[in-house]
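Understanding the architecture of this molecule
The chain contents come next:
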Amino acid sequence: MSSDRAKTAAVLTGAGISAESGLGTFRGAGGLWENEPVQEVATPWGFAKDPMKVWRFYEMRRQAAAKAAPNAGHLALARMEEALGDRFALATQNVDGLHHAAGSRRVLELHGSLWRFRCTRCPHRQQNRIVPLPELPPRCPACGEMLRPDIVWFGEVLPSDVFGAAVEAAERCALFLVVGTSAVVQPAASLARLAAENGALVWEVNPDPTPLTGLCDRSWQAPAGAVMDEVVEEALKAVGR
Ligand code: OAD
């Protein structure tokens, strides 16, 4: 791996990058959290109270994600990884798997994945792409207890290896690119500030301003699908191919 800090780039994506693939974002008018109370479907307490409600919510999201295809924004980031190799890190708050579908190979999934389950009792974990699920809630093949989505819910801690790798990438990069996130959920949003504090340029792609916009050296106020080809070209010029 190159130790030349001037040549590395890190990217943080959020729900906005998948908006043009037809997947709803969380906040704002029409957002997922307008119809689904976060406390009930995205916390460990909500799951303990009504696991079927939570599973139905994730089943709906799995069905939507299974039908979605990556868009120009995801594809541009896959090309960026191809161009930069080890000098590139992609962290996402998304759980939809569309970065992988676009060809990105190393994706730091900060909030987990819709396509992984884990047991609520034993250490069993599984990949699961079966849509629709034949049985809700799904059961652990090892111990028979209920499985849960391998998603980081509010009130839970991010996987330390995944978040640690994202912190490291933010600290050493020369360019930090933020795409399609409202930047209000911690600790993911703090990565951009960390990069800036360590001297990186921070660029943002988002049709709307966010709490990070004031910190950014460049900002594209546009949908990701429309501008990511150009942004990635500019980024490759900035860090060197
Ligand atoms: P949000 O729904 O909070 O924000 C989506 C952002 O995408 C907004 O700032 C929009 O302006 C922007 N946006 C919309 N369309 C866009 C487009 N075509 N191109 C680029 N940007 C666009 O989603 P996140 O920031 O990802 O966590 O939310 C962070 C976390 O909060 C999620 O991972 C989720 C949620 O609660 C969990 O479920 C644990």
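You'll find the structure just up there.
The rules behind these values
Residues numbered from 1 in each chain as written. Predicted model: local features only at pLDDT ≥ 70, side-chain atom pairs only at ≥ 80, totals over all residues. Heavy atoms only, no water. Core = buried A, V, L, I, M, F, W, Y, C linked by side-chain atoms within 4.5 Å. Buried < 20%, exposed > 50% of the residue type's maximum accessible area, 1.4 Å probe, protein only. Helix = DSSP H or I, 4+ residues; strand = E, 2+ residues; numbered from the N terminus. Contact = heavy atoms within 4.5 Å. Near = heavy atom within 4 Å. Polar contact = N/O pair within 3.5 Å; in protein donor to acceptor, adjacent residues only side chain to side chain. Areas by Shrake-Rupley, 256 points an atom, 1.4 Å probe, with all protein chains shown as cover. Nonpolar A, V, L, I, M, F, W, Y, C, P; charged D, E, K, R; others polar.

We now examine the nonpolar core. Core analysis: the biggest nonpolar cluster contains 28 residues, and Leu12, Leu110, Phe176, Val178 and Leu191 have the highest contact counts within it. Mapped by element, the contributors of at least two residues to this core are strand 1 (9-13), strand 2 (88-92), helix 7 (160-172), strand 7 (175-179) and helix 8 (190-197). At six residues, helix 7 tops the list of elements feeding residues into this core. Ignoring anything within four residues of it in the chain, the contact list for Leu12 reads Ala91, Gln93, Leu110, Phe176, Leu177, Val178, Val179, Thr181, Ala188 and Leu191. In terms of nonpolar packing, the next biggest core, distinct from the first, is built from 25 residues, Val179, Val205, Trp220 and Leu236 among them.

Let us look at the site of the ligand. Taken together, 22 residues form the shell around the ligand, and within it Phe26, Arg27, Thr181, Ser182 and Asn206 come nearest. Within the backbone of Gly180, one N or O atom sits 3.3 Å away from an oxygen atom of the ligand. One of the side-chain N or O atoms of Thr181 is found 2.6 Å from an oxygen atom in the ligand. When the free accessible area of the ligand is taken as 800 Å², the share hidden by the protein chains comes to 91%. Of the residues in the shell around the ligand, the class split is 10 nonpolar, nine polar and three charged.

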